[in-house]
Amino acid sequence: MSRSDDLLEIQQVLARYAVTITKGDIEGLLAVFTPDGSYSAFGDTYTLDLFPELVAAAPKGLFLTGIPALYIDGDTATGTQPLCFVEHSTHDMRIGYYTDTLVRTTGGWRLRTRAMTFIRRNGEHDSGIPHAFDRSKA
C-alpha cells in the first residue's frame, strides 16, 4: 500500500468516527477501533466496553472534524484532528482536537487510542470536566 493509500484510508476511518457518532450508530463507531481501543476525555480513559454508555450520556449533535495531521510509521500512525461539536438542541459549540494512535490491522487501519482536548474560551486546553457518565454504575 502506498503512503497516499494509507493517508486516504486513515482519513476515511476518522470520517466514519465522526459520522457514526453523529448518527448514533454505536456499532459503526466501535468498528473504527481496535478491540483493545480506548477513548480518553473528562479526566479518564474509557475502554470500548464502556463506550456505548459513555456516548449515551453525552450531548447529541454534529461532530464536524477537519483534515487530520498524520504521521505514518510502517503499520502505526499518530495524528491530531480538529473538532467542532455543535449540540443539536441549542447549537452551542465545543471546540478542540483529538490526539490519536492508529494501527494497521488485517481489516485495515483502526484507531487504537483517541484522546479529546477541549479549547476553552480563556484559551486553555484541557481534557474536560468529569462527564455525566458515571462509570461506577456501568
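Computed from a predicted model, the values in this text were never measured in an experiment.

1. Thoughts on the overall build of the protein chain
No. 1: Broken down by element type, the protein chain carries three helices and eight strands.
No. 2: Going residue by residue from the N terminus, the α and β elements of the protein chain occur as α-α-β-β-α-β-β-β-β-β-β.
No. 3: For 138 residues, the compact-globule estimate of 2.2 N^0.38 gives 14 Å, and the protein chain sits close to it at 15 Å.
No. 4: Out of the 138 residues in the protein chain, the part that is buried amounts to 38%.
No. 5: Considering only contacts in the protein chain between residues 6 or more positions apart, those separated by 24 or more positions represent 50%.
No. 6: Within the structure as shown, the protein chain displays about 7,700 Å² of accessible surface, and the carbon and sulfur contribution to it stands at 57%.

2. Overview of the environment of G96
No. 1: Among the secondary structure elements, G96 is positioned in strand β6 (residues 93-105).
No. 2: Each C-alpha atom of the pair G96 and I72 lies 22 Å from the other, and the pair is 24 residues apart in sequence.
No. 3: Apart from the residues lying within four places of it in its own chain, the contact partners of G96 are Q81, P82, L83, M116, T117, F118 and I119.

Conventions and cut-offs
- Residues numbered from 1 in each chain as written.
- Predicted model: local features only at pLDDT ≥ 70, side-chain atom pairs only at ≥ 80, totals over all residues.
- Heavy atoms only, no water.
- Helix = DSSP H or I, 4+ residues; strand = E, 2+ residues; numbered from the N terminus.
- Rg over C-alpha atoms; globule rule 2.2 N^0.38 Å.
- Buried < 20%, exposed > 50% of the residue type's maximum accessible area, 1.4 Å probe, protein only.
- Contact = heavy atoms within 4.5 Å.
- Areas by Shrake-Rupley, 256 points an atom, 1.4 Å probe, with all protein chains shown as cover.

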